[in-house]
Amino acid sequence: MKSRDIIYMIYNENEQWVTSSGIEFSEFINCLPVEPNHILLLASGYLGGDFHPELRLDFVRNEHLNDLYKENVYSYGDFCWVDFDEISSLDQLEPHEKAELLYLGHYKHPLGNPFFEKLNNRFVYLAHDDGWFNRIFYKDINQSTYMLRHLIPHKLKAYRRHVPPLSMDTGEQLMLFARDGILIELSRIIKSRNSVEIPFTIIGKNMDFDDVYNNMERHKAKAKSEYWLVYGKNEWMIRVI
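**Some details on the overall build of the protein**
Step number 1: Looking only at helices and strands, the protein features seven helices and 13 strands.
Step number 2: Over its C-alpha trace the protein gives a radius of gyration of 18 Å, about what one expects of a compact globule, namely 18 Å for 241 residues.
Step number 3: Considering only C-alpha atoms, the protein reaches an extent of 55 × 35 × 30 Å along its principal axes.
Step number 4: The proportion of buried residues among the 241 residues of the protein is 53%.
Step number 5: Looking at the protein alone, contacts between residues at least 24 apart form 64% of all its contacts between residues at least 6 apart.
Step number 6: Accessible surface, the protein: about 11,700 Å² in total, of which carbon and sulfur atoms supply 46%.

What follows is the structure, encoded as structure tokens:
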């Protein structure tokens, strides 16, 4: 990951995914309202899982998930998974469902519906160089807002500043801005004893993250306005400059 202090995010409400750079697996897990039950690994380098012979894929049981969470999944290159409720459901998958799962892990895009009734998965997590390019499908798209609301204060721990999650209204506003691609610059944070200010810019949708990162100032210069995510007086708000 080139910088953990830059978040670039695109939100597709219709297809129920968020594509991002700057959000890592461990951060995603820590900011979810509910932890996955079990995880089916579609592409990874993890060696601590169980092997399902019919699927020819590894999975991680709930009681072993903490071991996966401690892994440097960035080092795997591709890191793709779906969560699932019951281990027995893996035995019930039809050939076409198995094919769709394999397609997901290989192409990082669903062949059809990314949510499998038998697995009852809530997430589809598709990453290459985790934290650099991540696409996450949410069965309940409101959980993407929840994750973002808790991600910002989680990121701020690096600055030794304890702040509460974003308000629901502020989180929803930020997600709406993300439909057109937002760049959040924690590297430019302004903090004092009683406040925190984080700049972000709407720079448009661009799936070439190398271009976004290497030409950041050029993309920002084309934006009409600069916004600030502001925490003060025990509340969050968005300010426009």
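Now that the structure has been shown, the text picks up again.
**Here we look at unusual backbone geometry**
Step number 1: Its identity as a non-glycine residue notwithstanding, Gln16 has a phi of 65°, on the positive side.
Step number 2: With respect to the element layout, Gln16 can be found in the loop between β1 (6-12) and β2 (17-21).
Step number 3: Its identity as a non-glycine residue notwithstanding, Arg56 has a phi of 60°, on the positive side.
Step number 4: Considering the arrangement of structural elements, one finds Arg56 in the loop between β4 (50-52) and β5 (57-60).

**Digging into the environment of Cys31**
Step number 1: The residue Cys31 is located in the loop between α1 (25-30) and β3 (38-43) in this model.
Step number 2: Judged by relative accessible area, which is 2%, Cys31 ranks as buried.
Step number 3: It is 14 Å that separates the C-alpha atoms of Cys31 and Met168, two residues lying 137 residues apart in sequence.
Step number 4: Apart from residues lying up to four places away in sequence, Cys31 is in contact with Tyr146, Met147, His150, Leu151 and His154.

**Description of helix α5 (residues 168-178)**
Step number 1: Along α5, the residues that are buried comprise Thr170, Gly171, Leu174, Met175, Phe177 and Ala178. Seen end-on, α5 carries its buried residues on one side only, within an arc spanning 160°.

Conventions adopted
- Residues numbered from 1 in each chain as written.
- Predicted model: local features only at pLDDT ≥ 70, side-chain atom pairs only at ≥ 80, totals over all residues.
- Heavy atoms only, no water.
- Helix = DSSP H or I, 4+ residues; strand = E, 2+ residues; numbered from the N terminus.
- Rg over C-alpha atoms; globule rule 2.2 N^0.38 Å.
- Buried < 20%, exposed > 50% of the residue type's maximum accessible area, 1.4 Å probe, protein only.
- Contact = heavy atoms within 4.5 Å.
- Areas by Shrake-Rupley, 256 points an atom, 1.4 Å probe, with all protein chains shown as cover.
- Arc of directions from axis to C-beta.

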